[in-house]
Amino acid sequence: MGSRLILFADDSEPMRRLVRAILEPAGYQVMTAEDGNQALAQFAEHARDIDLVILDNQMPGHTGEEVLAQIRERDNDLPVLMASGFEKPGDGIKDPRLSYLTKPYMPADLIRTVGKLLK
């Protein structure tokens, strides 16, 4: 499991620290991005190594949906998990490799969802 790399993008630094603190002890490597622009730059640089992307739906630069659209231009099969505390992100998006998690989420829910997506 330790070879699995997750790109986590969220504009909240405490949230980035929290998700890293949850996922790294579970055996995942976590790369973080503070906004949509940085998420796209990280993805462009490390696309071959990334196994899962977790996106906050509301971020500066590009929203999670905008980042998802650009990721899908390069990779249709990469699992993506979108999270939001305001609304269900990606409403109406038809994407079999897209999953959702509502904020705030429990650590066990995050680990379970990530594990299912990386099977």
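Remember, it's a predicted structure, so these values are computed and weren't measured experimentally. (Residues numbered from 1 in each chain as written. Predicted model: local features only at pLDDT ≥ 70, side-chain atom pairs only at ≥ 80, totals over all residues. Heavy atoms only, no water.)

S.K.: Give me the environment of P104: which residues, what numbers.
M.R.: By the secondary structure assignment, P104 is in the loop between strand 5 (98–102) and helix 4 (107–117). The exposure class of P104 is exposed, given its relative accessible area of 81%. In the structure, P104 is positioned 19 residues away from G85 in sequence and 6.5 Å away in space, judged by C-alpha atoms. (Helix = DSSP H or I, 4+ residues; strand = E, 2+ residues; numbered from the N terminus. Buried < 20%, exposed > 50% of the residue type's maximum accessible area, 1.4 Å probe, protein only.)

S.K.: Got a sec to walk through the sheet that holds strand 5? Specific residues and values, please.
M.R.: In spatial order, the strands read 2-1-3-4-5; together these five strands make up an open sheet with parallel pairing. At either end of the open sheet lies a strand with only one pairing partner, and these are strand 2 (29–33) and strand 5. On average, adjacent strands in this sheet sit at an angle of 20 degrees to one another, irrespective of strand direction. Alignment of strand 3 (residues 50–56) against strand 4 (residues 80–84), held across four bridges, turns out to be parallel. Each residue of the ladder has a partner; that of I54, found in strand 4, is L81. (Pairing = 2+ DSSP bridges. Axes fitted to C-alpha atoms, helices over the stretch in contact; angles between N-to-C directions.)

S.K.: Run through the pattern of salt bridges, naming residues and quoting values.
M.R.: Pairs can form between side chains of opposite charge once their charged atoms are near each other. Inspection of the entire model under this criterion finds five salt bridges. The residue R112 makes a salt bridge to D109 at a minimum N-O spacing of 2.3 Å. Of this pair, R112 and D109 both sit in helix 4, separated by three residues, roughly a single helical turn. Given the relative accessible area of 44%, R112 is considered partly exposed. Among the residues examined, D109 registers a relative accessible area of 27% and is labelled partly exposed. (Salt bridge = Lys/Arg side-chain N within 4 Å of Asp/Glu carboxyl O.)

S.K.: Give me the lowdown on the environment of R16, citing residues and values where you can.
M.R.: By the secondary structure assignment, R16 is in helix 1 (residues 13–23). We classify R16 as buried; its relative accessible area is 13%. Along the sequence, R16 and S99 sit 83 residues apart, while their C-alpha atoms lie 19 Å from each other. Those residues in contact with R16 that sit more than four places away from it in its chain are F8, D10, D11, T32, A33 and E34. (Contact = heavy atoms within 4.5 Å.)

S.K.: Let's hear about the pairing of strand 3: which residues, and what values?
M.R.: Counting buried residues along strand 3, six of its seven residues qualify, which places the element largely inside the surrounding structure. As defined by bridge partners, strand 1 (residues 5–9) adjoins strand 3 across five bridges and the pair is classed as parallel. Opposite L5, over in strand 3, you have I50 as the bridge partner. As a crossover connection, the stretch from strand 3 through helix 3 (residues 64–74) into strand 4 is right-handed. (Right-handed = clockwise from strand over helix to strand, strands pointing away.)

S.K.: Can you explain the side chain of K103? Please cite residues and give values.
M.R.: As for its position among the elements, K103 is in the loop between strand 5 and helix 4. Polar side-chain contacts of K103 include one of 3.1 Å to the side chain of D56. Leave out the neighbours within four places in its chain, and K103 touches D10, M15, D56, A83, S84 and G85. (Polar contact = N/O pair within 3.5 Å; in protein donor to acceptor, adjacent residues only side chain to side chain.)

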